[in-house]
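Fold and geometry: a report
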Amino acid sequence: MAVVLVGSSVPSGYATVAPRDWRYTVSSDVSASTPNSPAQPQGPAQPTALYGGQGTRRVTVRDIAAAKGRHEKWPMLTAYDALSARVFDEAGIPVLLVGDSAAMVVYGYDSTIPVTVDDLVPLAAAVVRGAKRAMVVADLPFGSYQASVPEALASATRFMKEANVQAIKVEGGRRILPQVEAMVAAGIPVMGHLGLTPQSVNAFGGYRVQGRGEDGERLLADAKALEAAGAFSVVLECVPDELARRVTAALSVPTIGIGAGEGTDAQVLVWQDMAGLTPHTAKFVKKYADLYSVLGDAAREYAEEVVAGTFPTPEYSYR
Ligand code: KIV
């Protein structure tokens, strides 16, 4: 029967999973930010670390800001589906980014340019459903915000309403300030992105380190302008570590580095790069696992057993 087949395809972990051990925390002044909510029960004092404590609600921009005040470093990863989002959420990653890198790692394009709002909104919605505590940030893709303030507002609004994300990310500095200001004014938290902004790969003439020499001063000015426009954080991609340090010291909002050295407040990696699923990666990627081999070996073993008739055995069959 169809019902049996659908039920049996649900990952078994969902039926048996133990209560979650939320390993990151949140600021303790929830009632201050939600004046109409009932008073919070006075339990044991919450540890304050963004990563590594205990928390019971979704991470917010206030928690991100407080982490900078404590000089605390934190990790961000990309996610594009509910299951990986759940894994990272349970690992305590406090912020998940539905990057337009989905164009490459999900959709198979050779750059981030082709992906659309229609492509990304369902992925973002899946990540929000999979992650119960991480803040979920979605990238506005190329061509969905550069032309005008109304276009940016309309695109960001789709992510907020249809995917229920908590923030959006846009690439660029002073040239998109009106869009950033308008989104912030509309109540949409905005993460900036400077340096090697992949949506401009054709203008850069390839994926190259940015911000060397005088470009560094321009990037610093862009970062300050984004902060003044209300951005709650700024990604710095592929810039010299010395520049990333200067920007981090100059801003009161957190910087999130990718290929920007150790001086930023936070770090981000594309999860398939971090886990070793992508065969070729940039110098700045550290592979914490070898999923390419693990998955390939599993697929080969499964195939061999099917061909040999040793799977399924009675253990995996119904009587
Ligand atoms: O799209 C993406 O994944 C990103 C991160 C690499 C910062 O923008």
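Residues numbered from 1 in each chain as written. Predicted model: local features only at pLDDT ≥ 70, side-chain atom pairs only at ≥ 80, totals over all residues. Heavy atoms only, no water.

Taking an unreviewed UniProt entry as the reference, the protein is identified by name as 3-methyl-2-oxobutanoate hydroxymethyltransferase belonging to Actinomadura harenae. Entered under Subunit (unreviewed entry) in the UniProt record, the comment concerning the protein runs "Homodecamer; pentamer of dimers." (UniProt positions renumbered as here; feature names shortened; annotations may be inferred.)

Around the ligand, the neighbouring residues are T78, L97, G99, D100, S101, D139, K169, H193, I258, V268 and V270. D100 is positioned such that a nitrogen or oxygen atom in its side chain is 2.9 Å from an oxygen atom of the ligand. Within the side chain of D139, one N or O atom sits 3.1 Å away from an oxygen atom of the ligand. Here the ligand has 260 Å² of accessible area as a free molecule, and 96% of this is covered by the chains. Of all the cavities here, the one that holds the ligand is the largest pocket. Residues that form the shell around the ligand fall into these classes: 4 nonpolar, 4 polar and 3 charged. (Near = heavy atom within 4 Å. Polar contact = N/O pair within 3.5 Å; in protein donor to acceptor, adjacent residues only side chain to side chain. Areas by Shrake-Rupley, 256 points an atom, 1.4 Å probe, with all protein chains shown as cover. 1 Å grid on protein atoms, 1.4 Å probe; cavity = no way out; pocket = protein on both sides within 12 Å on 5 of 7 lines; lining within 4 Å. Sits in = over half its atoms within 2 Å of the grid points. Nonpolar A, V, L, I, M, F, W, Y, C, P; charged D, E, K, R; others polar.)

Packed helix pairs are characterised by how far apart their axes lie and by the angle those axes make with each other. Contact geometry of helix α8 (residues 149-163) with helix α9 (residues 177-185) gives a least axis separation of 9 Å together with a crossing angle of 45°. It follows that α8 is oblique to α9 by the angle criterion. Crossing hand, α8 versus α9: right-handed. Together, V149, A152, L153 and A156 of α8 and P178, Q179, A182 and M183 of α9 make up the contact between the two elements. (Axes fitted to C-alpha atoms, helices over the stretch in contact; angles between N-to-C directions. Helix = DSSP H or I, 4+ residues; strand = E, 2+ residues; numbered from the N terminus. Parallel < 35°, antiparallel > 145°, perpendicular 65-115°, else oblique. Left-handed = near helix turned anticlockwise from the far one by under 90°. Contact = heavy atoms within 4.5 Å.)

Turning our attention to unusual backbone geometry. In this model, F311 is joined to P312 through a cis peptide bond whose omega is 0°. Within the secondary structure, P312 is located in the segment after α14 (291-308). Not every positive phi belongs to a glycine, and N164 is a case in point at roughly 65°. For N164, the position within the fold is in the loop between α8 and β4 (167-169).

Attention now goes to the nonpolar core. Formed by 79 residues in total, the largest nonpolar core has its most connected members in L96, F159 and I168. Examining the composition of this core, we find that 8 residues originate from one element, helix α7 (residues 117-130), more than from any other. With sequence-adjacent residues up to four places away left out, L96 is seen in contact with L77, A79, A85, F88, V127, A131, A134, M135, V136 and V137. (Core = buried A, V, L, I, M, F, W, Y, C linked by side-chain atoms within 4.5 Å. Buried < 20%, exposed > 50% of the residue type's maximum accessible area, 1.4 Å probe, protein only.)

Now for the UniProt feature "active site" (unreviewed entry) in the protein. When the UniProt feature table is mapped to this numbering, "active site" (unreviewed entry) covers E237. Secondary-structure assignment places E237 in strand β6 (residues 233-237). What E237 contacts, discounting residues up to four positions off in sequence, is H193, L194, G195, L196, P198 and I258. A distance of 2.9 Å separates the side chain of E237 from the side chain of H193, its partner in a polar contact.

Here the focus is the pairing of strand β7 (residues 255-258). Side chains T255 and G257 project from β7 onto one buried face, and the interleaved I256 and I258 project onto a second face that is buried too. Where β6 meets β7, 4 bridges bridge the pair, whose relative direction is parallel. Counted as the bridge partner of V234 is T255 from β7. Considered for its hand, the β-α-β crossover made up of β6, helix α12 (residues 241-250) and β7 is right-handed. Strand direction decides the pairing type here: β7 and strand β8 (residues 266-269), joined by 2 bridges, are parallel. The partner of I256 across the bridge, within β8, is A266. (Pairing = 2+ DSSP bridges. Right-handed = clockwise from strand over helix to strand, strands pointing away.)

Per the UniProt annotation, the sites labelled "binding site: Mg(2+)" (unreviewed entry) are D100, D139 and E171. These annotated residues cover 72 residues of sequence, and their C-alpha atoms all fall within 10.7 Å of one another, placing them together at a single site. From this annotated list, the subset lining the largest pocket comprises D100, D139 and E171. Turning to its location among the elements, D100 is positioned in the loop between β2 (95-98) and α6 (102-105). When neighbours within four sequence positions are excluded, D100 is seen to be in contact with T112, V115, L120, D139, E171 and Q199. For D139, the location among the structural elements is in strand β3 (residues 135-139). In this structure D139 touches L97, V98, G99, D100, L120, F159 and K169, once residues within four positions along its chain are discounted.

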